[in-house]
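Working through the structure, step by step
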Amino acid sequence: MIKKLLKLDGISKSYPGVIANSNISFDINVGEVHALLGENGAGKSTLVKIIYGLVKPDSGNLLLNGAPFKPGTPSEARKAGIAMVFQHFSLFEALSVAENISLGMDNPPNQKDLGEKITSVSESYGLPLDPAKTVGALSVGERQRVEIIRCLLQNPKLLVMDEPTSVLTPQEVDILFKTLLKLKSEGTSILYISHKLEEIRKLCDTATILRLGKKVDTCTPKNTSTKKLAEMMVGSSIKAPKKLNKPAGRILLKIENVCSLSKSQFGTPLTNIEFDLKQGEILGIGGVAGNGQDELFAVLSGEQISQKGSISFNESNITKFTPNQRREIGLLSAPEERLGHAAAPNMSLIENILITAEQSQDLVSNGFIDWKKSKEFAEKVIKEFDVRTPSSKNTAGSLSGGNLQKFVIGREILQNPTVFIVNQPTWGVDAAAASSIRQALLTLSESGAAILVISQDLDELLEISDRFAALNEGTLSQIKKTADLSFEQIGLMMGGAKDLEARNV
Amino acid sequence: MFKLEKRPQQSQKWIYLSPFLAVVITMISGGILFAILGENPFEAIRIIFWDPLFDPNFASYSRPQLLVKAGPLILIAIGLSFGFKAGVWNIGAEGQYIMGAIFGASLALAFYPMESKLIFPLMIIAGALGGFLWGMIPAFLKAKLNTNEILVSLMLVYVAESILASVSQGLLKNPDGYGFPGSRNLQKYESAANVEIISNSGMHWGVLFAFITVIFSYIVLTRHIQGFNIQLTGEAPRAAKFSGVNPTANIVFCLGISGALAGLAGMFEVAGPSGQITIEFNSGYGFTAIIVAFLGRLHPIGILLSGLLIALTYIGGELAQLMLGLPGASIQLFQGMLLFFLLATDLFANYRVKIGTN
């Protein structure tokens with residue numbers, strides 16, 4: 001007989017202008033891995049926050065083991081046996097693992113006992129972790145382990161995991177899945193939030209699919225095809241971008257021996273980065289976040305001047321060029337952070353055009369801005385990239401993530417870059433927008449531009465890039481043809497296997 | 001229960017409404033204050049806000065005073081608004097105002113008693129230069145050593161005040177002044193006097209400059225790339241850097257223009273209404289201009305209006321002192337309250353109040 005652990009009955013929650021959850025009901029059974037599947041903005045996070053006591057529902061009931069359950073705060077939820085690993089970690093980088101864990105506990109034991117406990121839990125679940133290590137020195141995967149062990153120390157009945165694999169290498173994902181399956185065999189239920197269909201099919205017993213705040217269906221993912229799951233999640237069929245195989249042309253951008261210190265204390269300095277970028281090709285740079293992606297982008301966009309090495313564009317040296325000088329020769333870039341870096345949230349889309357398109361579109365003469373031309377270009381971007389907004393006068397901050405990203409990418413692509421550098425082109429973007437952005441990148445490369453895509457999304461890189469390399473602790477792996485690569489090889493490259501290969505030789 | 005809820009987008013309506021609401025609340029609280037002091041609150045408010053402009057006995061004297069007081073406030077506040085938009089916080093306009101006055105007056109006194117049409121234009125340049133250079137000290141320190149411009153510019157006010165005290169008793173002291181501190185009276189030196197352009201209107205050259213600056217600032221902020229870059233830097237510093245804005249040039253521009261305009265205000269004051277450099281020459285215009293800038297929403301037209309309003313509280317306050325014997329500090333309290341309530345009502349631009357539980 002299957003026992004129900006948590007029953008959700010008619011949960012609704014709305015925010016001003018948005019219905020986050022509308023009449024959602026489903027059950028989580030004891031010892032079950034239950035997937036919560038949906039696009040960004042489908043209402044997954046709100047639902048989970050309700051379960052964890054961070055948000056109160058407008059209506060509907062929760063039943064935990066048959067009894068009404070109304071957590072007012074996360075600590076009440078924790079007392080009832082619910083633990084949660086957030087997508088964004090809340091760790092103090094300057095403190096040790098044990099100190100961080102004790103900060104999150106309601107009644108922390110002394111550091112020595114806690115250290116022993118951490119070691120024993122980490123060993124029994126196959127999550128090696130040294131309690132005395134400073135968090136700042138840990139990799140992202142290790143930091144996630146800190147969060148997981150913090151939860152496991154409470155002996156939870158329900159473990160909630162919010163997009164846990166988005167920051168992990170394939171090998172780390174395997175380790176995590178083993179841990180989760182062990183927990184499941186001990187009777188712990190897991191609510192697993194993700195939009196990655198393959199992992200849900202591999203790991204989860206049941207899946208509840210949300211779209212636009214409503215429950216679409218609850219199904220058994222193992223018996224449902226990936227395509228069907230995706231269609232339920234998005235609500236329509238998705239067109240996969242098409243890649244044409246075209247031989248790459250001459251070298252447009254050449255990076256030699258570039259080193260750059262990071263501006264932030266816990267950033268990653270770049271060491272001896274070397275690659276070249278050819279006409280008509282897309283070079284994908286993968287790797288777990290925080291391995292030097294931001295630093296590499298800054299060196300290429302011109303926001304940071306590299307301390308060593310050289311960057312040449314069409315065989316002329318541009319190492320010391322400012323962002324605007326680079327734009328003038330046709331080297332354009334789109335940063336990862338949409339709000340605050342690529343765009344100014346409180347400024348209109350027309351004003352946001354000026355951030356990068358001033359020179360190429362000739363928007364300023366004698367220091368005076370041609371607002372009419374800026375508006376025309378903004379409207380061209382909105383039209384050609386299907387940016388959903390009432391008007392070009394709306395602020396960048398009022399757009400959804402996917403629409404703003406289309407605007408940011410479109411703003412650069414419509415300037416016809418010779419070389420285009422883009423960091424996380426589809427991060428936090430809904431599936432339909434992501435697919436149209438990828439298609440736009442492919443179309444741009446076919447027209448002869450050279451594109452560098454830095455991304456954490458391996459599927460994306462495999463789909464669009466011709467060659468692939470991984471960043472690991474500020475160094476670049478060997479560059480390989482994407483077509484020849486397996487997931488395992490990619491994992492090794494991301495984990496710094498450059499050293500391994502060198503040792504084997 | 002009242003609950004504050006964040007708005008999805010800043011309310012444009014409230015941005016323009018909150019200054020008016022702040023003025024009304026200030027009048028009400030001011031009225032209560034005057035009632036506690038034993039005065040008729042309605043009479044006190046009328047004396048401050050109405051009588052200076054419309055009372056048949058006082059208006060002929062106090063109407064011109066409105067422009068005399070508003071001129072320097074607007075001139076300084078316009079300069080400050082550039083920096084405040086870009087997140088460069090020049091709190092030391094008072095010091096730049098003093099240095100502008102000293103530079104302008106020194107130039108005039110160096111030529112005394114020669115008469116020439118060139119002297120006044122040269123004084124304008126000198127006044128702007130004095131304020132500009134004084135503003136360059138925090139700018140240089142911030143650009144080179146990343147010091148905090150709030151502290152440095154504020155501290156330099158006290159340095160400027162000490163210099164003022166020193167020159168009024170030494171270098172610039174009137175040789176024919178029977179040993180009293182203070183310079184010669186520039187109003188009595190024809191080539192250097194900042195005279196009224198239209199007599200009995202209060203409209204001297206400084207007021208004209210203030211109006212020109214309002215128009216200039218409006219054009220720069222709405223049409224010019226420099227104005228755009230300033231606003232972009234304030235809104236999103238990383239996006240500004242990505243856009244190719246040079247942060248150092250931006251700091252230098254903002255502190256330079258606010259320093260130069262404050263210096264100009266000081267020069268026009270010393271050559272006009274004040275007439276001479278004295279120990280107590282500065283009267284806090286540089287600080288009050290901060291209130292003017294924010295009350296005017298950092299918008300040129302808003303600053304023009306709020307400058308006139310604050311000038312009115314100065315004149316009305318003086319009148320209230322005269323008529324009702326209110327303490328002089330009560331008018332400063334009044335201005336302080338205005339800023340306080342403005343900041344409080346600004347909350348409604350970003351939040352809305354919800355009544356009821358959850």
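These numbers were taken from a predicted model, which means no experiment stands behind them.

Let's shift gears to the overall build of chain B. A count of helices and strands for chain B gives 14 helices and two strands. The C-alpha radius of gyration computed for chain B amounts to 21 Å, which stays within 12% of the reference 21 Å derived for 358 residues, consistent with globular compactness. Along the first, second and third principal axes, the C-alpha atoms of chain B reach 75 × 60 × 35 Å. In chain B, which comprises 358 residues, the proportion classed as buried is 54%. When contacts within chain B are restricted to residue pairs at least 6 apart in sequence, those whose partners lie at least 24 apart make up 77%. Approximately 16,300 Å² of chain B is accessible, and the part contributed by carbon and sulfur atoms is 67%. Placing the 20 positive and 17 negative side-chain charges of chain B at their respective mean positions leaves the two points 16 Å apart.

With that settled, the discussion passes to the overall build of chain A. Helices and strands together make up the secondary structure of chain A, namely 17 helices and 23 strands. Principal-axis analysis of the C-alpha atoms gives chain A an extent of 70 × 55 × 40 Å. Partitioning the intrachain contacts of chain A with sequence separation of at least 6 by distance along the chain shows that 66% fall at a separation of at least 24. Summed over its atoms, the accessible surface of chain A is roughly 21,800 Å², and 51% of this surface lies on carbon and sulfur atoms.

The next subject is the pattern of salt bridges. All names here are of chain A. As enumerated under the stated definition, the model contains 26 salt bridges over all chains in all. Across the pair D276 and R467 runs a salt bridge whose closest N-O atoms are separated by 3.6 Å. Taken together, the residues D276 in strand β12 (residues 270-278) and R467 in strand β21 (residues 467-472) connect sequence positions 191 residues apart. You can call R467 buried: its relative accessible area is 15%. Taken together, the shared-partner salt bridges in this structure form one network comprising K254, D276, K278, E281 and R467.

Time to look at the side chain of R326(A). Residue and element names in this part refer to chain A. Its place among the elements puts R326 in helix α10 (residues 323-329). Buried charge R326 goes without a salt bridge, the closest partner of opposite sign being E303 at 9.1 Å. At a separation of 3.5 Å, a polar atom in the side chain of R326 contacts the main-chain carbonyl oxygen of I318. Excluding residues that lie within four positions of it along the chain, R326 makes contacts with V299, L300, S301, G302, I305, I311, I318, T319, F321 and L331.

It is worth spelling out the domain arrangement of chain A at this point. Residue and element names in this part refer to chain A. Taken as a whole, chain A is organised into domain 1 (4-234) and domain 2 (251-504). Each partner contributes residues to the interface: domain 1 has 13 residues there, and domain 2 has 15 residues. Buried area between domain 1 and domain 2, summed over both chains or domains, comes out near 1,000 Å², and the portion from carbon and sulfur atoms is 63%. Linking domain 1 to domain 2 there are zero salt bridges. Joining domain 1 to domain 2, the criterion identifies zero residue pairs in polar contact (both at pLDDT 80 or more). No other element matches the three residues that helix α6 (residues 170-185) contributes to the side of domain 1 that touches domain 2. Residue composition of the side of domain 1 that touches domain 2, grouped by class: five nonpolar, five polar and three charged.

Residue and element names in this part refer to chain A. Along strand β7 (residues 158-162), five of the five residues are buried, which leaves the element largely enclosed by surrounding structure. When strand β6 (residues 82-85) meets β7, the two strands line up parallel, connected through four bridges. By the bridge assignment, V85 is partnered in β7 with M161. Here five bridges tie β7 to strand β8 (residues 189-194), and the two strands are oriented parallel to one another. When the sheet's bridge partners are listed, D162 is paired in β8 with I193.

This prediction gives chain A a mean pLDDT of 86; 94% of its residues lie at or above 70. Note that pLDDT drops below 50 for residues 497-505 of chain A; the model gives that stretch six contacts with residues more than four away or on any other chain.

Next up on the list: the layout of surface pockets. Unfilled space is identified by rolling a water-sized probe across the atoms. Taken as a whole, the second largest pocket encloses approximately 1,500 Å³ of empty space. At the level of secondary structure, the elements contributing two or more residues to the lining of the second largest pocket comprise α11 (349-357) of chain A together with α1 (12-36), α4 (59-86), α8 (205-223), α9 (225-235) and α14 (329-350) of chain B. Looking at the lining of the second largest pocket, its residues break down into 15 nonpolar, twelve polar and seven charged.

For the rest of this paragraph, the subject is the nonpolar core. Residues L180(A), Y192(A), L253(A) and F420(A) are the most contacted members of the largest nonpolar core, which totals 131 residues. Not counting residues within four places of it along the chain, the set of residues in contact with F420(A) comprises L332(A), S333(A), A334(A), I409(A), E412(A), I413(A), L441(A), L444(A), A450(A), I451(A) and L452(A). Counting residues in hydrophobic clusters, the runner-up holds 93 residues, among them I47(B), L73(B), M99(B) and I277(B).

On to the sheet that holds strand β4 (residues 59-64) of chain A, then. All names here are of chain A. Taken in spatial order, the four strands of this open sheet run β2-β1-β4-β5, and their pairing is antiparallel. Taken across any chain shown, the strands that pair with only one partner, and hence form the sheet edges, are β2 (18-29) and β5 (67-68). Examined bridge by bridge, strand β1 (residues 4-15) and β2 share eight bridges and lie antiparallel to one another. Across the sheet, L6 pairs through a bridge with I28, a residue of β2. Its contacts with the sheet put helix α1 (residues 44-51) on β1, β2 and β4, and the angle it makes with β1 is roughly 120°.

Cut-offs and rules
- Residues numbered from 1 in each chain as written.
- Chains lettered and ligands numbered in written order.
- Predicted model: local features only at pLDDT ≥ 70, side-chain atom pairs only at ≥ 80, totals over all residues.
- Heavy atoms only, no water.
- Helix = DSSP H or I, 4+ residues; strand = E, 2+ residues; numbered from the N terminus.
- Rg over C-alpha atoms; globule rule 2.2 N^0.38 Å.
- Buried < 20%, exposed > 50% of the residue type's maximum accessible area, 1.4 Å probe, protein only.
- Contact = heavy atoms within 4.5 Å.
- Areas by Shrake-Rupley, 256 points an atom, 1.4 Å probe, with all protein chains shown as cover.
- Lys, Arg positive; Asp, Glu negative; His and termini not counted.
- Charge placed at Lys NZ, Arg CZ, Asp CG, Glu CD.
- Salt bridge = Lys/Arg side-chain N within 4 Å of Asp/Glu carboxyl O.
- Polar contact = N/O pair within 3.5 Å; in protein donor to acceptor, adjacent residues only side chain to side chain.
- Domains from an automatic or database assignment.
- Buried area = accessible area lost by both parts, 1.4 Å probe.
- Nonpolar A, V, L, I, M, F, W, Y, C, P; charged D, E, K, R; others polar.
- Pairing = 2+ DSSP bridges.
- pLDDT = per-residue confidence, 0-100.
- 1 Å grid on protein atoms, 1.4 Å probe; cavity = no way out; pocket = protein on both sides within 12 Å on 5 of 7 lines; lining within 4 Å.
- Points joined across faces, edges and corners; volume = space filled by probe spheres on them.
- Core = buried A, V, L, I, M, F, W, Y, C linked by side-chain atoms within 4.5 Å.
- Axes fitted to C-alpha atoms, helices over the stretch in contact; angles between N-to-C directions.

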